[in-house]
Amino acid sequence: MSESTDPTGSAGPRTVPAVKYHGTGNDFLVVDAADADRLVPDRGAFAVRHCDRETGVEGGGRTGADGVLFVEVTDDGDDAGGDADGVADAPAAAADRTARATMTLVQPDASIAEMCGNGARCAAAWVRERTGADVVDLDTPAGVRRAEVRGGDGGDDDGDGTHDEVTVEVEMGEASFAPEDVPLAADRDGPLVKESVEGLTVTAVDTGVPHAVAVVDDVDAVDLEAVAPPVRHADAFPEGTNVTLAERTGDGAFAQRTFERGVEGETLACGTGAVAVGAVARRLGVTDRTDLAVSPPGGTLRITVPEDAPATLTGPAAWEFDVDLAVPTTERDREERE
Ligand SMILES: N[C@H](CCC[C@H](N)C(=O)O)C(=O)O
């Protein structure tokens, strides 16, 4: 990347390539973490700037984004190539390959979330486009999450400038109600189940990130932007919490709305929240099914919440556009360049 040629010494404009994706309306910028290591010294400032819903990245459906996913392929899953005997192996078929990548979500308020279900689908679609591998192990701060990408051609093979929407199933780990996992306040003994917190009756669960889930009669009758913030900041949740509403709409079907920590507002979908809906609905006896359709405002997600086994989340990941994004000049940035 060229250095600034500005004689005043201020940083010249630098850009970094990004790809905008969404999963049922939960939208993310994906940036190669290796590019970011070289070009984006302050990832928080970058997310704050480009996620803004009024002044952030433009193009596709909505201005801004629900976060930036920094993703780096650490293993493309293709062992073919320079063997010791100097004879290259035949390339492995895509379906037989498992790639590995790191994924870190930096949110619109610059915080880092340990896990993101819809983001994991978008990250896996991005990795598949680069490696051809249909199975992707994602290293997240919450642990390794395996994703399987189905459908699509893995790129813009028909040259029409768009990429096929794919379906991605993500292994989401086991939901936990344990106070130390959510986490709940240190002086708390047992799980928080069906208790009033700031006027909302919630059950607290960890699905990679914390969710306080309220099962209600009608998700649309709740003024979420008013009700959620006191719960999100309640003392019961020392690291804060996402606040999720669930309504049973049929046999094995739920409506969902989530107010997200880090976005500090409602999102069109939340994958960890969909799993939280299933885990809480089972715990409270609202359903005895382990496979559910959970519908946030942005679409429908399939989840499974089996007893004593990892949950899964299945839904679409849709490419929106490629874009080069300006790297904001921050104090830290300037110091590093001096
Ligand atoms: N939208 C994400 C969750 C982001 C989590 C984040 N908002 C937090 O816990 O701080 C999802 O699909 O799971």
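Residues numbered from 1 in each chain as written. Predicted model: local features only at pLDDT ≥ 70, side-chain atom pairs only at ≥ 80, totals over all residues.

Draft legend 1. Structural view of the site of the ligand. Around the ligand, the structure places 16 residues, and the nearest of them are Gly-117, Asn-118, Val-209, Gly-271 and Thr-272. Broken down by secondary-structure element, the contributors of at least two residues to the shell around the ligand are helix 3 (117–131) and helix 5 (271–283). Looking at the shell around the ligand, the element that brings in the most residues is helix 3, giving 3 residues. Grouping the constituent residues of the shell around the ligand by class yields 5 nonpolar, 9 polar and 2 charged. Formed jointly, the shell around the ligand draws a minimum of three residues from each of two domains, domain 1 (15–173 + 319–331) and domain 2 (195–309). (Near = placed C-beta within 6 Å. Helix = DSSP H or I, 4+ residues; strand = E, 2+ residues; numbered from the N terminus. Nonpolar A, V, L, I, M, F, W, Y, C, P; charged D, E, K, R; others polar. Domains from an automatic or database assignment.)

Draft legend 2. Region of the structure containing the pairing of strand 3 (residues 68–75). Strand direction decides the pairing type here: strand 2 (residues 26–32) and strand 3, joined by 4 bridges, are parallel. The residue of strand 3 that forms the bridge with Leu-29 is Val-68. Looking at chain direction, strand 3 and strand 4 (residues 98–106) are connected through 7 bridges and run antiparallel. Opposite Glu-72, over in strand 4, you have Thr-102 as the bridge partner. (Pairing = 2+ DSSP bridges.)

Draft legend 3. The arrangement of the nonpolar core in detail. Grouped together as the largest cluster of nonpolar side chains are 90 residues, with contacts concentrated most on Val-30, Val-68 and Ala-123. The residues that make up this core include at least three from each of domain 1 (15–173 + 319–331) and domain 2 (195–309). Setting aside anything within four residues of it in sequence, one finds Val-30 in contact with Ala-18, Val-19, Tyr-21, Leu-69, Val-71, Cys-122, Ala-123 and Trp-126. (Core = buried A, V, L, I, M, F, W, Y, C linked by C-beta atoms within 7 Å. Buried ≥ 20, exposed ≤ 12 C-beta atoms within 10 Å, placed from the backbone. Contact = placed C-beta atoms within 7 Å.)

Draft legend 4. Quick peek at the pairing of strand 4. Counting buried positions over the 9 residues of strand 4 gives 7, a clear majority of the element. As paired elements, strand 4 and strand 6 (residues 135–140) share 5 bridges and run parallel to each other. Its bridge partner being in strand 6, Ala-99 is matched across the sheet by Val-136. For strand 4 and strand 5 (residues 112–113), the ladder comprises 2 bridges, and the chain directions are antiparallel. In the sheet register, Leu-105 faces strand 5, and the bridge partner there is Ala-113.

Draft legend 5. Summary view of the domain arrangement of the protein. As far as domains go, the protein holds domain 1 (15–173 + 319–331) and domain 2 (195–309). Distance between the C-alpha centres of domain 1 and domain 2: 26 Å. When contributions to the side of domain 1 that touches domain 2 are tallied by element, the ones reaching two or more residues are helix 3 and strand 8 (166–173). For the side of domain 1 that touches domain 2, the per-class residue count stands at 6 nonpolar, 9 polar and 3 charged.

Draft legend 6. Seen up close, the UniProt feature "active site" (unreviewed entry) in the protein. As annotated in UniProt, the feature "active site" (unreviewed entry) corresponds to Cys-116 and Cys-270 in the numbering used here. These annotated residues cover 155 residues of sequence, but their C-alpha atoms sit close together, with the largest distance between any two at 7.7 Å. On the neighbour-count criterion, Cys-116 (31 C-beta atoms within 10 Å) is buried. Setting aside residues up to four positions removed in sequence, Cys-116 forms contacts with Gly-67, Leu-105, Gly-271 and Thr-272. Within the fold, Cys-270 resides in the loop between strand 14 (265–267) and helix 5. Residues contacting Cys-270, with those up to four places away along its chain left out, are Asn-26, Asn-118, Asn-242, Thr-244, Thr-258, Glu-260 and Pro-296. (UniProt positions renumbered as here; feature names shortened; annotations may be inferred.)

Draft legend 7. Summary view of the confidence of the model for the protein. In the predicted model, the protein carries a mean pLDDT of 91, and 88% of its residues have values of at least 70. When the criterion is pLDDT under 50, residues 1–11 qualifies, and its contacts beyond four places in sequence or with other chains add up to 11 contacts. If you check the scores for this complex, the pTM reads 0.91 and the ipTM reads 0.98. (pLDDT = per-residue confidence, 0-100.)

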